[in-house]
Amino acid sequence: MTEIVGLLHGPDLPTAGVPARLGFHGNHLRITRGEIVEDVAAEALEVGVTGFNEDTLQLAWQRDGVTHAVTLSDPQAQRALLAHAPPGVAARLAAGHSTVHWHRRKWKTVVGIVGGFALLLLIAWWQSEAITGWIANRVSLETEVDIGESVLEQLKTEHELTQEGAGAQTIAEIGARLTQGSRYTYRWYVSADKEVNAYALPGGIVVVNAGMIEAADNADELAGVLAHEVQHVEHRHTLQQMIHTAGWAAVLAVVLGDVSAITAVVLHQLGNLRNSRKLEKQADDDGMRALARADIALDGMVNLFRKLEGEERRRGGPGIPLLRSHPTTDERIRDLEQLAATLKCRCRSLGIDWAAVQSSVEEWRKTA
Amino acid sequence: MSLQYRIEGSDLQYVELTLAPGEAAVGEPGAMMYVDDGVGIESHMGDGDDSALGSRIAAGFKRSMTGENFFITVFKNDAARPLRVAFAAPSPGKIIALDLASVGGTLICQKGAFLGGTRGVRVGLAFKKRVRAGMFGGEGFIMQRLTGSGTVFIHASGTLASLELRAGEHLRVDTGCLAALQTTVNYDVQYMGSLKTSVFGGEGLFLAALKGPGTVWLQSLPIQRLRGALVGVPQSRGLGPRLLYFALVIIVVVLTLMGKR
């Protein structure tokens, strides 16, 4: 049997207590202090908790009207005593021990919970891209289409949108070549907005502003923009951004399938949506590959970016919305050119009468 | 190991130590009153022992958390004859000398109580883990834990009473009067019991509740009370602080009622 040492307290002993060996023998607690051996009936033992921080187990008993006690502060000794206790006293001892245990552990528990939560947040922040990506992939295609639809409804209240006319039809034709074999059913809109911009909504809705059509010199350049935007849909970037920016509230709404609640938030975010550089690069690269697969001239994309950047520099300061949300750098253009050089394709210019498309859109915009 | 000492004075005391050749004692910086020529005086980080630098820094931090100095001054008798060094109490009160072995090797004191002692005595941190006792026990969450072997000199303001509590014996103490206690003593707070007594009894809402076995040392005049008497005016005037205080009190009462365990 292991040796359990506690402190014995009594009226004729020093107040600090004297060390004594403890052990249960049958139904008695035997206390051995040098030559002196004392047996106390287990039923007479009163289990209590003491010590500066309630970390000491106390077994007290009465003799001649005076309280005697042994105290155990060592956790190992407490466990050992508990393990050897006879059934009569074990339950009371266990209750006292659990109180001691609780007081000993409660601060560790509090610190542990707070620390764990902080760690969780840190991981969530560090791995936010992976987490939002994971969640985005959990969203069903139908839900995505629903989200896109409700955002589109709100857009329609702010800008005139059309699927008709030469502009929208041309865009749809080019788009169909770029999205062959896609799981999404794409819809192509032209907006009367004069801002040089184009954006993709979840579920396969692509909106091109009239200002964008005006800024593009030919159909190849617009195809470059479309190829880029289509990749945002294919990779569910917009959805990821929504989840990311709208935070956990939106996460809950998406998981629960409640679509309308987050639409307002999403629309607000869409205006100044800042896709991270990583997502933009992915859209650039895969957009370029999609152009190559569709045998559309690759230089349109690069030319447009370069032209817009040059114009922005001339104007000075941030001016063109498309560039504001798509940070154009020399490095990005260089990367695109390098990628274009490696791609094999029988690329040909689209050969669309772009001037006619432009004037058609302009006419529609004036009436809209 | 035990030091030769003599405590002088009645209410404004100092302790004079006689160091045998080669013997060393430690004192809080600023506590030294006089010292014989031939005693080497050196400041040490931490507790003045020869442990590694990292643990000395850690010890220094612990010391400064408990109202002591980051450094300690070591007085070492380098001569071949006994020499004296004296430490003075920083405020009116009593100095008591305690052999740590007689209290089971560890003593818990209020912040700033340690004045000096045998070299090697460590000043650690005794963190009060019971929130209500830490907040309203009058001693705060952090107290001093003096461990080691040898003699320590602790200082408390007013007169020090030493009371022995038998196992399970209870003692209620005005908050702030607790100067030191043995580790076997349980320390908690107790609600005064009636609002009338709390408001008009003059002892506050809570009392410190001590439970044996073990010895406790109580001071008759906590330094805050001395300050209050010297300044002669209530510490907080105006409604703002008082309202805040009452709001706090209500919260605590609710918490205490909820957390009865």
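> Where do I start with the overall build of chain B in this structure?
Looking only at helices and strands, chain B features five helices and 19 strands. Here chain B holds 261 residues, and 39% of them are scored as buried. Counting contacts in chain B only where the partners sit at least 6 residues apart, residues at least 24 apart contribute 79% of the total.

> When you look at the overall build of chain A in this model, what are you seeing that I'm missing?
Secondary structure assignment for chain A yields 14 helices and 11 strands. The buried share among the 368 residues of chain A stands at 36%. For chain A, contacts bridging at least 24 residues in sequence account for 62% of all contacts bridging at least 6.

> Help me understand the nonpolar core in this model?
Soluble globular proteins tend to pack their nonpolar side chains together in the buried interior. Counting 59 residues, the largest nonpolar core has B:Leu107, B:Cys109, B:Val152, B:Ile154, B:Ala180 and B:Leu181 as its most contacted members. Not counting the four nearest positions on each side in its chain, B:Ile154 is found in contact with B:Ile96, B:Leu98, B:Cys109, B:Ala113, B:Phe114, B:Leu115 and B:Ala180. Among the nonpolar cores identified, the runner-up in size contains 47 residues, and A:Ile147, A:Tyr189, A:Val190 and A:Ile296 belong to it.

> Help me understand the interface of chain B and chain A, please; the structure alone is not making it clear to me.
Note: interface size is frequently given as the accessible area lost on complex formation between the parts. With 23 residues of chain B at the contact, the number on the chain A side is 23 residues. Mapped onto the side of chain B that touches chain A, the elements with two or more residues apiece are strand E16 (178-182), strand E17 (186-191) and strand E19 (214-219) of chain B. The class makeup of the residues in the side of chain B that touches chain A is eight nonpolar, nine polar and six charged.

> Hey, could you run me through unusual backbone geometry in this one?
In terms of backbone geometry, most residues other than glycine have negative phi values and most peptide bonds are trans. Residue B:Gly212 is joined to B:Pro213 through a cis peptide bond whose omega torsion reads 10°. As for its position among the elements, B:Pro213 is in the loop between strand E18 (206-211) and E19. A positive phi angle is found at A:Asp295, which is not glycine, with a value near 60°. Its location among the elements puts A:Asp295 in the loop between helix H10 (277-293) and helix H11 (299-315).

> It is not clear to me how the sheet that holds E17(B) should be interpreted in this structure. Could you clarify?
Within a sheet, each strand pairs with its neighbour through backbone hydrogen bonds, oriented either parallel or antiparallel. Residue and element names in this part refer to chain B. Strand order in this open sheet of three strands is E15-E18-E17, and the pairing throughout is antiparallel. Every interior strand has two partners, whereas the edge strands, strand E15 (170-174) and E17, have only one. Strand-to-strand twist in this sheet, taken as the mean axis angle between neighbours without regard to direction, amounts to 35°. Here E17 runs beside E18; their pairing, made up of six bridges, is antiparallel. The residue bridging Tyr187 from the neighbouring strand is Leu210, located in E18.

> Sorry if this is basic, but what is going on with the pairing of strand E2 (residues 14-19) of chain B here?
Side chains on a regular strand alternate between the two faces of the sheet. Residue and element names in this part refer to chain B. Where burial is concerned, the two faces of E2 differ: the one with Val15, Leu17 and Leu19 is buried and the one with Tyr14, Glu16 and Thr18 is not. Alignment of strand E1 (residues 4-8) against E2, held across five bridges, turns out to be antiparallel. Within the sheet, the bridge partner assigned to Gln4 lies in E2 and is Thr18. In this antiparallel pair of consecutive strands, E1 and E2, the connection spans five residues, and Gly9 shows a positive phi of 95°. Sheet analysis places E2 next to strand E7 (residues 83-88), joined by six bridges and oriented antiparallel.

> Would you take a moment to explain the environment of A:Ala340 for this structure?
Residues and elements named next belong to chain A. Looking at the secondary structure, you find Ala340 in helix H13 (residues 330-342). In this structure Ala340 comes out as partly exposed when scored by C-beta crowding, with 19 C-beta atoms within 10 Å. Along the primary structure Ala340 and Asp299 are separated by 41 residues, whereas in three dimensions their C-alpha atoms are 8.0 Å apart. Aside from chain neighbours lying at most four places away, what touches Ala340 is Met288, Leu298 and Val302.

> Before we go on, may I ask you to explain the sheet that holds strand E5 (residues 46-50) of chain A in this structure?
Residues and elements named next belong to chain A. An order of E4-E3-E2-E1-E7-E6-E5 is seen for the seven strands of this open sheet, with the pairing classed as antiparallel. Each end of this open sheet is capped by a strand with a single partner; those strands are strand E4 (36-41) and E5. Ignoring which end each strand starts from, the neighbouring axes of this sheet average 35° apart. For strand E6 (residues 56-63) and strand E7 (residues 66-72), the ladder comprises seven bridges, and the chain directions are antiparallel. Among the inter-strand pairings, Trp61 is bridged to a residue of E7, identified as His68. Sheet strands in contact with helix H1 (residues 75-83) are strand E1 (4-9), strand E2 (18-25), E6 and E7, and its direction is about 95° off that of E1. Its contacts with the sheet place helix H2 (residues 87-126) against E5 and E6, and it is angled at close to 5° to E5.

> Just checking my understanding: could you explain H2(A) for this structure?
Given 3.6 residues per turn, any residue in an α-helix points the same way as the ones three and four places further on. Its axis deflected by about 40° at A:Arg105, H2(A) carries its strongest bend there. Those residues of H2(A) not exposed but buried are A:Val89, A:Leu93, A:Gly96, A:His97 and A:Val100.

> Which parts of the structure should I look at to understand the pairing of E2(A)?
Residues and elements named next belong to chain A. Of the strand pairs in this sheet, E1 and E2 are connected by five bridges, and their pairing is antiparallel. Counterpart to Leu7 in the pairing with E2 is Pro19. Two successive antiparallel strands, E2 and strand E3 (residues 28-33), enclose a turn made up of two residues, where Gly26 displays a positive phi of approximately 60°.

> Hey, could you run me through the packing of helix H5 (residues 165-178) of chain A against helix H14 (residues 354-367) of chain A in this one?
Geometrically, a packed helix pair is captured by the angle between its two axes and the distance between the axes. All names here are of chain A. Two elements in contact, H5 and H14, have axes separated by 7 Å at closest approach and are oriented at 130°. Comparing their axes, H14 and H5 come out oblique. Here Gly165, Ala166, Gly167 and Thr170 of H5 come into contact with H14, specifically with Ala356, Val357, Ser360, Val361 and Trp364. Looking at the contact of H5 with H14 residue by residue, the classes come out as five nonpolar, four polar and no charged.

> I would appreciate a short explanation of the packing of H5(A) against helix H7 (residues 219-234) of chain A in the present structure.
Residues and elements named next belong to chain A. The interhelical angle for the contact between H5 and H7, taken along N-to-C directions, is 55°, at an axis separation of 10 Å. Here H5 is positioned oblique relative to H7, judged by the angle of their axes. Considering the relative orientation of H5 and H7, their crossing is right-handed. Residues Thr170, Ile171, Ile174, Gly175 and Leu178 of H5 pack against Ala219, Leu222, Ala223, Leu226, Ala227 and Val230 of H7.

> For this particular structure, what's the right way to read H5(A)?
All names here are of chain A. In a regular helix each residue adds 1.5 Å, so 14 residues correspond to 20 Å; H5 covers 20 Å between its end C-alpha atoms and thus fits that length. All buried positions along H5 are accounted for by Gly167, Ala168, Thr170, Ile171, Ile174, Gly175 and Leu178. Burial along H5 is one-sided: seen end-on, the buried residues are contained in an arc of 160°.

> Help me understand the confidence of the model for chain A, please; the structure alone is not making it clear to me.
One rule of thumb: low pLDDT means the predicted coordinates there are not for detailed reading. Looking at chain A, the pLDDT average stands at 82 and 86% of residues meet or exceed 70. Note that residues 271-275 of chain A has pLDDT below 50 and, in this model, seven contacts with residues that lie over four places away or in other chains.

What counts and how
Residues numbered from 1 in each chain as written. Chains lettered and ligands numbered in written order. Predicted model: local features only at pLDDT ≥ 70, side-chain atom pairs only at ≥ 80, totals over all residues. Helix = DSSP H or I, 4+ residues; strand = E, 2+ residues; numbered from the N terminus. Buried ≥ 20, exposed ≤ 12 C-beta atoms within 10 Å, placed from the backbone. Contact = placed C-beta atoms within 7 Å. Core = buried A, V, L, I, M, F, W, Y, C linked by C-beta atoms within 7 Å. Nonpolar A, V, L, I, M, F, W, Y, C, P; charged D, E, K, R; others polar. Pairing = 2+ DSSP bridges. Axes fitted to C-alpha atoms, helices over the stretch in contact; angles between N-to-C directions. Bend = angle between axes of the 7 residues up to and from the residue. Parallel < 35°, antiparallel > 145°, perpendicular 65-115°, else oblique. Left-handed = near helix turned anticlockwise from the far one by under 90°. Expected span 1.5 Å × (residues − 1). Arc of directions from axis to C-beta. pLDDT = per-residue confidence, 0-100.

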